[in-house]
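What follows is each chain in one-letter form.
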Amino acid sequence: MREFASRALRYRQGLGRETVFTDPLRLDASLRNLELLEEVAKSVPVAFRICFQAPRVALREGQTD
């Protein structure tokens, strides 16, 4: 999981949002690693997730999901 997250961040390191969204290879690579991270996260046992649950962070003002 750590590797997928690290790659997704590394592919856009030092670049602005505009640059990432206009570079199809970078965008595809970043999104693919986030997809892989999601797949691995689904296999984490529920008991483990409950023990290490992070607090909810609002993505947008007033939003929790």
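Rules used throughout
Residues numbered from 1 in each chain as written. Predicted model: local features only at pLDDT ≥ 70, side-chain atom pairs only at ≥ 80, totals over all residues. Heavy atoms only, no water. Helix = DSSP H or I, 4+ residues; strand = E, 2+ residues; numbered from the N terminus. Rg over C-alpha atoms; globule rule 2.2 N^0.38 Å. Buried < 20%, exposed > 50% of the residue type's maximum accessible area, 1.4 Å probe, protein only. pLDDT = per-residue confidence, 0-100. 1 Å grid on protein atoms, 1.4 Å probe; cavity = no way out; pocket = protein on both sides within 12 Å on 5 of 7 lines; lining within 4 Å. Points joined across faces, edges and corners; volume = space filled by probe spheres on them. Nonpolar A, V, L, I, M, F, W, Y, C, P; charged D, E, K, R; others polar.

Q: Whenever I open this one, the overall build of the protein chain confuses me. Can you help?
A: A count of helical and extended segments in the protein chain gives 4 helices and 0 strands. In the protein chain, the succession of helices and strands from N to C terminus is α-α-α-α. Relative to a compact globule of 65 residues, whose C-alpha radius of gyration would be 11 Å, the protein chain shows 14 Å and is clearly more extended. Dimensions of the protein chain, computed from C-alpha atoms along their principal axes, come out at roughly 40 × 30 × 15 Å. Taking all 65 residues of the protein chain together, 11% fall into the buried category.

Q: What should I look at first to understand the confidence of the model for the protein chain in this one?
A: Low-pLDDT portions of the prediction should not be read for the details of their coordinates. For the protein chain, per-residue confidence averages 85 on the pLDDT scale, and residues scoring 70 or more make up 91% of the total. Between the elements of the protein chain, mean pLDDT differs from a low of 84, seen in helix H4 (residues 46-51), to a high of 92, seen in helix H3 (residues 24-42).

Q: When you look at the layout of surface pockets in this model, what are you seeing that I'm missing?
A: With a probe scaled to a water molecule rolled over the atoms, the places where space remains empty come into view. Of the volumes computed, that of the largest pocket is approximately 280 Å³. Forming the boundary of the largest pocket are Met1, Glu38, Ala41, Lys42, Val44, Phe48, Arg49, Phe52, Gln53 and Ala54. For the lining of the largest pocket, the elements supplying multiple residues, two or more each, are H3 and H4. Ranked by residues supplied to the lining of the largest pocket, first place goes to H3 with 3 residues. Class assignment for the residues of the lining of the largest pocket results in 6 nonpolar, 1 polar and 3 charged.

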